[in-house]
Amino acid sequence: PARQGPPPPRGPCGLAGRRRRAMAGAQGPFSLREVLAAFQTCVTERREVLLGPYLCGWRGLIRFLHSLGAIFSFVTKDAVAKVQIMEGYCRGERREEYASLQSMVEYELASGLVDVQKRSGRPDSGCRTVLRLHRALRWLQLFLEGLRTGREDSRTSVICTDSYNASLATYHPWVVRKAATVAFCTLPPRNTFLEIMNVGTAEEAVAMLGEALPYICDVYGITQELFAQHKLLDLP
């Protein structure tokens, strides 16, 4: 018989949300408020990153990228796959070990589940999977910050390309980098992005970005420090 996972959490990642989104990349209206709520509850008083809210925040970010069409498919396809892998771990028989980022790293390293040398035939570890999401989160963080601080006539293609080159591009082969930068040239104006946030006027969207980004930045910083401490930032 199938094992039963823990009761679904309340809030934006609760049972109703899970039913509406049967899979990590399911389509649905993006709301910046949902992402803000998720990342607000990500970090505990002990500075641990809870994986439940982290994955909830990522589901919201994926819907944001989906709302822009196929331009970001090179990121969303991988992000959806990685979120689904992590949801499997969080619902699995060792789910207590995947309550937080810190408990996951401790468990997987102690159990020899992280292949730090080269890829083998084993399933992707949680550490390797989160690392891929972590790198993409840096790009989104930089991109959203560029939208927040940009002028009304700022070119989103430039903002996105600069953010990509400062983050994800390092880990992509040349052909992907080239295709991405060409696709970025078709991005809509800045105000269109702000409207997609679904929080009201452009000014209200900018204000909410200003509220949400410090939480995202905090989660990124904790993850970066943890992975650096355990020499996990370059997992193959």
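Here the structure is a predicted model, which means the values were calculated and not measured.

Peer 1: Just to check I follow, could you spell out the packing of aromatic side chains for this structure?
Peer 2: When we look at a pair of aromatic rings, we describe it by the centre distance and by the angle of the planes. In this structure the tally under the stated criterion is 13 aromatic pairs. Summarising the aromatic geometry, the rings of Phe72 and Phe184 are spaced 5.9 Å apart at their centres and angled 45 degrees between planes, so their arrangement reads as tilted. Here the residue Phe72 occupies a position in the loop between α3 (51-66) and α4 (73-91), and Phe184 occupies one in helix α8 (residues 174-184), the gap between them amounting to 112 residues. With a relative accessible area of 0%, Phe184 lands in the buried category. Where Tyr89 meets Tyr98, the ring centres are 4.9 Å apart and the plane angle is 10 degrees; that geometry is what we call stacked. A relative accessible area of 23% places Tyr89 in the partly exposed class. For Tyr98, a relative accessible area of 4% translates into the label buried.

Peer 1: Where do I start with α3 in this structure?
Peer 2: Each full turn of the α-helix corresponds to 3.6 residues, which orients residues three or four apart in the same direction. With 16 residues, α3 extends 22 Å between its outermost C-alpha atoms, agreeing within 8% with the 22 Å of an ideal straight helix rising 1.5 Å per residue. Counting buried positions along α3 yields 14 of 16 residues, so the element is predominantly enclosed.

Peer 1: Sorry, what's going on with the pattern of salt bridges here?
Peer 2: A side chain with one charge may pair with a side chain of the opposite charge, provided their charged atoms come close. According to the stated counting rule, one finds ten salt bridges in the structure shown. Linking Arg94 and Glu97 is a salt bridge whose minimum nitrogen-to-oxygen distance equals 3.1 Å. Given the relative accessible area of 34%, Arg94 is considered partly exposed. The partner of Glu145 in a salt bridge is Arg148, with the nearest N and O atoms 2.8 Å apart. In this pair, Glu145 and Arg148 are both assigned in helix α6 (residues 126-149), three residues apart and thus about one turn of the helix distant. Each of Arg94, Glu96 and Glu97 takes part in a single network of salt bridges with overlapping partners.

Peer 1: Sorry if this is basic, but what is going on with unusual backbone geometry here?
Peer 2: Leaving glycine aside, a negative phi is the common case for residues, and trans is the common case for peptide bonds. Phi at Arg47 takes a positive value of approximately 65 degrees, unusual for a residue other than glycine. Following the sequence through the fold, Arg47 ends up in the loop between α2 (32-40) and α3. Judged by relative accessible area, which is 41%, Arg47 ranks as partly exposed. Even without a glycine there, the phi angle at Asn198 is positive, about 60 degrees. Examined against the element boundaries, Asn198 turns out to sit in the loop between α9 (190-196) and α10 (202-229).

Peer 1: Please explain the nonpolar core as it appears in this structure.
Peer 2: The nonpolar side chains of a soluble globular protein tend to be buried with one another. Counting residues in each nonpolar core, the largest one holds 67 residues, and the members touching the most others are Tyr54, Trp58, Phe72, Trp139 and Met197. Apart from the residues within four sequence positions on either side, Phe72 is in contact with Leu65, Trp139, Phe143, Cys160, Phe184 and Leu187.

Peer 1: Whenever I open this one, the packing of α3 against α6 confuses me. Can you help?
Peer 2: If you want to describe how two helices pack, look at the angle between their axes and the distance between the axes. For the pair α3 and α6, the least separation of the axes is 12 Å and the interaxial angle reads 55 degrees. Classified by the angle between their axes, α3 and α6 sit oblique to one another. In the crossing of α3 with α6, the sense of the turn from one axis to the other is left-handed. In this structure, α3 uses Leu51, Tyr54, Leu55, Trp58, Leu61, Phe64 and Leu65 to contact α6, whose residues at the interface are Val130, Leu133, His134, Ala136, Leu137, Trp139, Leu140 and Leu144. Of the residues assigned to the contact of α3 with α6, the class counts are 14 nonpolar, one polar and no charged.

Peer 1: I would appreciate a short explanation of the packing of α6 against helix α7 (residues 156-165) in the present structure.
Peer 2: Relative orientation of the contacting elements α6 and α7 amounts to 150 degrees, with a least axis distance of 8 Å. With respect to α7, the element α6 is oriented roughly antiparallel. The handedness of the crossing between α6 and α7 comes out as right-handed. Judged by residue contacts, Trp139, Leu142, Phe143, Gly146 and Leu147 of α6 engage Thr156, Ile159, Cys160, Ser163 and Tyr164 from α7. Residue composition of the contact of α6 with α7, grouped by class: seven nonpolar, three polar and no charged.

Peer 1: Sorry, what's going on with the confidence of the model for the protein here?
Peer 2: As a general rule, the predicted coordinates of low-pLDDT regions are not to be interpreted in detail. Of the residues in the protein, 86% reach a pLDDT of 70 or more, and the chain-wide mean stands at 85. Within the model, the stretch residues 1-12 combines pLDDT values under 50 with 16 contacts to residues more than four positions away or in other chains.

Criteria and thresholds
Residues numbered from 1 in each chain as written. Predicted model: local features only at pLDDT ≥ 70, side-chain atom pairs only at ≥ 80, totals over all residues. Heavy atoms only, no water. Phe/Tyr/Trp six-rings, centres within 6.5 Å; stacked < 30°, edge-to-face > 60°. Helix = DSSP H or I, 4+ residues; strand = E, 2+ residues; numbered from the N terminus. Buried < 20%, exposed > 50% of the residue type's maximum accessible area, 1.4 Å probe, protein only. Expected span 1.5 Å × (residues − 1). Salt bridge = Lys/Arg side-chain N within 4 Å of Asp/Glu carboxyl O. Core = buried A, V, L, I, M, F, W, Y, C linked by side-chain atoms within 4.5 Å. Contact = heavy atoms within 4.5 Å. Axes fitted to C-alpha atoms, helices over the stretch in contact; angles between N-to-C directions. Parallel < 35°, antiparallel > 145°, perpendicular 65-115°, else oblique. Left-handed = near helix turned anticlockwise from the far one by under 90°. Nonpolar A, V, L, I, M, F, W, Y, C, P; charged D, E, K, R; others polar. pLDDT = per-residue confidence, 0-100.

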